[in-house]
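# Remarks on the overall topology
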Amino acid sequence: MEMQDIRKYAELMREMGLTGLEIKDNGATVRLERTPVAPQVSAGTAEGLPAAEHSSSDWSEPDATEICSPMVGVFYASPSEGARPFVQVGDTVKKGDVLCIIEAMKLMNEISAEQDGVIAEVCVGNGQVVDYGHVLFRLRKEQA
């Protein structure tokens with residue numbers, strides 16, 4: 001891979017706000033990583049930033065499972081603008097149910113539940129950019 005190609009990918013990462021990118025080309029793999037830059041928000045308001053439905057930094061439910069983002073992209077809570085969200089706090093989900101969509105590189109990726117449970121917390125706001133491993137939902141085991 002040529003240095004000019006790597007520079008183009010680095011510029012693409014900066015433009016899209018990506019913190020990591022892996023490129024495979026003719027059997028060679030190049031991984032680019034950078035430190036994320038925190039957005040500057042005034043102390044008075046956070047207008048324009050989507051809020052999570054419920055946020056709790058001291059989460060301590062013993063039988064809860066965190067559902068994390070498998071990729072970097074944009075989180076969408078519903079299938080289209082103005083549509084009802086796939087899930088909300090208190091909804092019961094079954095393994096395989098679609099929970100959200102993450103748009104990455106112009107592809108819409110459905111994120112599905114890996115187990116049965118009840119949505120205890122939605123940790124991301126609609127339209128928010130998420131990184132790999134970012135907690136999207138907290139799922140509580142369904143009471144028998």
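The following refers to the structure shown. (Residues numbered from 1 in each chain as written. Predicted model: local features only at pLDDT ≥ 70, side-chain atom pairs only at ≥ 80, totals over all residues. Heavy atoms only, no water.)

## Quick look at the sheet that holds strand β8 (residues 117–122)
In plain terms, the rule: For two strands to be treated as a pair, DSSP must find no fewer than two bridges joining them. Runs of H or I in DSSP of at least four residues are treated as helices and runs of E of at least two as strands, each being numbered from the N terminus.
Strand order in the open sheet formed by four strands is β3-β10-β8-β5, and the pairing between neighbours is antiparallel. Two strands close off the open sheet at either side, each with one partner strand: β3 (64–68) and β5 (92–93). When β3 meets strand β10 (residues 135–140), the two strands line up antiparallel, connected through five bridges. Pairing of T65 across the sheet is with L139, part of β10.

## Remarks on the pattern of salt bridges
Opposite charge on two side chains allows them to pair when their charged atoms are near. This is how the line gets drawn: One speaks of a salt bridge when a side-chain nitrogen belonging to Lys or Arg is within 4 Å of a carboxyl oxygen belonging to Asp or Glu. Partly exposed residues are those whose accessible area sits between 20% and 50% of the maximum for their type, while under 20% is buried and over 50% is exposed, using a 1.4 Å probe and protein chains only.
In total, this model carries three salt bridges according to the counting rule given. Of the charged contacts, one joins D91 and R84 as a salt bridge, the two residues approaching to 3.9 Å between their closest N and O atoms. What makes R84 exposed here is its relative accessible area of 53%. Close ionic contact of R138 with E121 constitutes a salt bridge, the shortest N to O distance being 2.7 Å. One end of the pair, R138, is in strand β10; the other, E121, is in strand β8, and 17 residues separate them in sequence. For R138, a relative accessible area of 11% corresponds to the buried category. A residue is classified by how much of its surface remains accessible, and E121, at 1% relative accessible area, is buried.

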